[in-house]
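In case you want the letters, here they are:
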Amino acid sequence: MLSGKAGLSQVSQVYRQEAIKAIQTGNYTGALEILGMAIVREPLNAENFYLRGYTKYALDDYLGAEMDYPRSIALAPYSADVFAQRAIVRTQMENYGGAMEDFARALEMDPGNGEIWFHRARANILQKKTYSCIVDCNKALELNFRNESVYMLKAGAETEIKRYDEAMENLNAALKLSPESSNVYSRR
């Protein structure tokens, strides 16, 4: 039988593992229930709040996610992932100032993470900061974060500033990565 803090921690770890499985299978409401139990058992675990925020984001509950991420940050203030996720949520909520602050914090901690640069590029294009979007896309690509979305985003930004040849180059690169993508063909 498990006893004391070690037992509590092991039970909480089991809850987190079950919640992660639920998230991976798209069972977000189940994950929320499990994470609620994990938080009751271990309210000072930053990962529980991070996972619950992520789950709420997946359910389009941006306000709920916005409330959980600061709790995670307060418990573990040096996690680039939490700042990046909160920045994504803030972008969805059109709180661009807060999003850009969070992206800056995340990039201070993990400047080699191309995915963070990509998400910041998306926030930049939504703010009509076309050149900043292109710079961030280039940084994501330089860091080997190469997927169809980066090239599509960069192509859209290039089109905005009437650099059509560059836009086509990016769409062709996206097509090489995803040759069956109707999205890329329609953009071309």
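Residues numbered from 1 in each chain as written. Predicted model: local features only at pLDDT ≥ 70, side-chain atom pairs only at ≥ 80, totals over all residues. Heavy atoms only, no water.

1. So, the overall build of the protein
Step number 1: Helix and strand content of the protein: 11 helices and 0 strands.
Step number 2: Taking the intrachain contacts of the protein between residues at least 6 apart in sequence as the baseline, contacts between residues at least 24 apart amount to 45%.
Step number 3: For the protein, the exposed surface amounts to about 10300 Å²; the carbon and sulfur share of it is 51%.
Step number 4: For the protein, the centre of its 22 positive side-chain charges and the centre of its 24 negative side-chain charges are spaced 2 Å apart. (Helix = DSSP H or I, 4+ residues; strand = E, 2+ residues; numbered from the N terminus. Contact = heavy atoms within 4.5 Å. Areas by Shrake-Rupley, 256 points an atom, 1.4 Å probe, with all protein chains shown as cover. Lys, Arg positive; Asp, Glu negative; His and termini not counted. Charge placed at Lys NZ, Arg CZ, Asp CG, Glu CD.)

2. A look at empty space enclosed by the protein
Step number 1: Tallied over the full model, the rule gives 1 cavity of 30 Å³ or more.
Step number 2: Size it by volume and the largest cavity reaches roughly 50 Å³.
Step number 3: What lines the largest cavity is simply I88, T91, Q92, F103, H119, R122 and L126.
Step number 4: Its residues placed into classes, the lining of the largest cavity shows 3 nonpolar, 3 polar and 1 charged. (1 Å grid on protein atoms, 1.4 Å probe; cavity = no way out; pocket = protein on both sides within 12 Å on 5 of 7 lines; lining within 4 Å. Points joined across faces, edges and corners; volume = space filled by probe spheres on them. Nonpolar A, V, L, I, M, F, W, Y, C, P; charged D, E, K, R; others polar.)

3. Overview of the side chain of H119
Step number 1: Positionally, H119 belongs in helix α7 (residues 114-126).
Step number 2: Judged by its relative accessible area of 15%, H119 is buried. (Buried < 20%, exposed > 50% of the residue type's maximum accessible area, 1.4 Å probe, protein only.)

4. A look at a nonpolar patch on the surface
Step number 1: A contiguous nonpolar patch, built from L63, M67 and M93 and spanning about 300 Å² of accessible area, is present on the exposed surface.
Step number 2: Tracing the backbone shows L63 in helix α4 (residues 62-75). (Patch = residues over 30% accessible without salt bridge, like charges linked within 9 Å, V, L, I, M, F, W, Y side chains within 5 Å. Salt bridge = Lys/Arg side-chain N within 4 Å of Asp/Glu carboxyl O.)

5. A word on the packing of aromatic side chains
Step number 1: Overall, the coordinates contain 3 aromatic pairs when judged by the stated rule.
Step number 2: A centroid spacing of 5.7 Å and a plane angle of 45 degrees characterise the contact between Y57 and Y62, whose relative ring orientation is tilted.
Step number 3: Their ring planes at 35 degrees and their centres at 5.7 Å tell us that F118 and F145 sit as a pair that is tilted. In this pair, F118 is assigned in helix α7 and F145 in the loop between α8 (130-142) and α9 (148-160), connecting sequence segments 27 residues apart. Each member of the pair, F118 as well as F145, carries the same accessibility label: buried.
Step number 4: Seen from the ring of W117, K139 lies directly overhead, with NZ or CZ sitting 5.9 Å from the centre. (Phe/Tyr/Trp six-rings, centres within 6.5 Å; stacked < 30°, edge-to-face > 60°. Lys NZ or Arg CZ within 6 Å of the ring centre and 35° of its normal.)

6. A few points about the pattern of salt bridges
Step number 1: All told, the structure shown has 12 salt bridges when counted by the stated rule.
Step number 2: Between R16 and E42 there is a salt bridge; the shortest N-O distance is 3.3 Å. Note that R16 is positioned in helix α1 (residues 4-24) and E42 in the loop between α2 (28-41) and α3 (46-58), a separation of 26 residues in sequence. For the pair R16 and E42, a shared accessibility class is recorded, and that class is buried.
Step number 3: Notably, a salt bridge pairs D102 with R86, separated by 2.6 Å at the nearest N-O pair. Of this pair, D102 sits in helix α6 (residues 96-109) while R86 sits in helix α5 (residues 80-92), and the two are 16 residues apart along the sequence. With respect to class, D102 is no different from R86; both count as buried.

7. Notes on α4
Step number 1: Between the first and last C-alpha of α4 there are 20 Å, a value that for 14 residues agrees with the 20 Å anticipated at 1.5 Å per step.
Step number 2: Taken together, the buried positions of α4 are G64, A65, E66, D68, Y69, S72 and I73. (Expected span 1.5 Å × (residues − 1).)

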